[in-house]
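Structural description and commentary
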Amino acid sequence: MLATALLAGCGAPDPAGGAASPAPVAASPATTVETPLTSEATPSPEATQTPGSALSATPDETGAAKPSAGTNAADVAFARQMVPHHLQALEMARLAQTRAGDPWVGEFAAKVATARDTDIRTFKGWLDMWGAEPLPRDHAMPGTQKRAEIEALAKLNGPSFDRKYVTLMIEHDNGAIKLARAEQAGGAFEGAKALAVATATSLGAEIKELKKYRALLD
C-alpha cells in the first residue's frame, strides 16, 4: 500500500494529524518541512494596510477598483485572481476527503484546504478594503481546470482518484506560482507582495511533495 511505503520512508504521521511527506522537503526561509502548506507570512488586511494604500471605493464595471497611492493594478489583479484560483483548490481538496484511496492524499488535501482558506480570507479582506470583487469562479487562469475536468475527478475513487488529484494539483500549484511571481514583479502593495513570496515558496514545497508521491505511483 502506498501509505505503508511512505511511512516506511519518512516516519509515522504526526499524532496531531499532520500528514507525513513522501520524502523530506528542503527547508527555505519562508517555510519549514513540518508545515510546507501554510503561509506563515500571510498578513491580515488590517496589519498590512498602510496610509495611502486604499483604492477608490467604487469599482469599475469589470469589478476592479482604480488604484491609488501605495497600491497598483497588479495588486488588485493578484487578489481578484487568487480568490477563485484557491477556491478551486478547496473544491478538489474536499473531493479528496471522501474519494482518496491513500490516507496520505486525504491528509495532504486537508492541509491544502486549511492553507487556502486562510489566504482566501486575506485576499477578500483586501478586495473589500479596495472596493473590488474577485473574478468569477470559472475564469480561466494559469493552472485552473475546466469544469469538465473537475466533474471527471469527482467521479473517481481510490487509486484512480489519487493519481488524478496529484496530477491536477501539480498543474494548479504551478499556475498559482506564476500569478504570485507576476505580483512580485509588478505589485506595489507590500502586503500583497509579501503574500506572493509566501505563496510561491509554500506551493513550491507542495509540488515537491506531490512529485515524490506521484513517482511512487509509476
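Refer to the structure above for everything that follows.
The structure reproduced in this document is the subject of the present report. (Residues numbered from 1 in each chain as written. Predicted model: local features only at pLDDT ≥ 70, side-chain atom pairs only at ≥ 80, totals over all residues. Heavy atoms only, no water.)

**Things to note about the environment of Gly204**
Position of Gly204 relative to the elements: it lies in helix α7 (residues 190–217). Spatially, the C-alpha atoms of Gly204 and Asn174 are 7.9 Å apart, while their sequence positions differ by 30 residues. For Gly204, the residues in contact, after removing those within four places along its chain, are Ile177 and Thr199. (Helix = DSSP H or I, 4+ residues; strand = E, 2+ residues; numbered from the N terminus. Contact = heavy atoms within 4.5 Å.)

**With respect to the nonpolar core**
Formed by 49 residues in total, the largest nonpolar core has its most connected members in Phe123, Trp126, Trp130 and Tyr165. Contributions of two or more residues to this core are made by α3 (73–99), α4 (103–130), α5 (147–154), α6 (158–186) and α7. (Core = buried A, V, L, I, M, F, W, Y, C linked by side-chain atoms within 4.5 Å. Buried < 20%, exposed > 50% of the residue type's maximum accessible area, 1.4 Å probe, protein only.)

**Overview of the side chain of His85**
Here His85 lies in helix α3. Not counting chain neighbours up to four residues away, the residues in contact with His85 comprise Met141, Pro142, Gly143, Thr144, His172, Gly175, Ala176 and Leu179.

**With respect to the environment of Glu171**
As for its position among the elements, Glu171 is in helix α6. For the pair formed by Glu171 and Gln145, sequence separation is 26 residues and the distance between their alpha carbons is 8.7 Å. Residues in contact with Glu171, not counting those within four places in the same chain, are Gly143 and Gln145.

**Details of the packing of α3 against α6**
Following both chains from N to C, one finds α3 and α6 inclined at 165 degrees, their axes separated by 10 Å at the closest point. When the axes of α3 and α6 are compared, the pair comes out roughly antiparallel. Considering the relative orientation of α3 and α6, their crossing is left-handed. (Axes fitted to C-alpha atoms, helices over the stretch in contact; angles between N-to-C directions. Parallel < 35°, antiparallel > 145°, perpendicular 65-115°, else oblique. Left-handed = near helix turned anticlockwise from the far one by under 90°.)

**Notes on the pattern of salt bridges**
One pass over the full model with this rule turns up 6 salt bridges. Arg137 is paired through a salt bridge with Glu91; the nearest N and O atoms lie 3.8 Å apart. On the criterion of sequence distance, the pair formed by Arg137 in the loop between α4 and α5 and Glu91 in helix α3 is long-range, its members being 46 residues apart. Owing to a relative accessible area of 22%, Glu91 belongs among the partly exposed residues under this scheme. One salt bridge in this structure joins Arg121 and Asp117, with 3.0 Å as the shortest N-O distance. Within this pair, Arg121 and its partner Asp117 are both found in helix α4, separated by 4 residues, close to a single helical turn. (Salt bridge = Lys/Arg side-chain N within 4 Å of Asp/Glu carboxyl O.)

Functional significance is not addressed by these values, which are geometric in nature.
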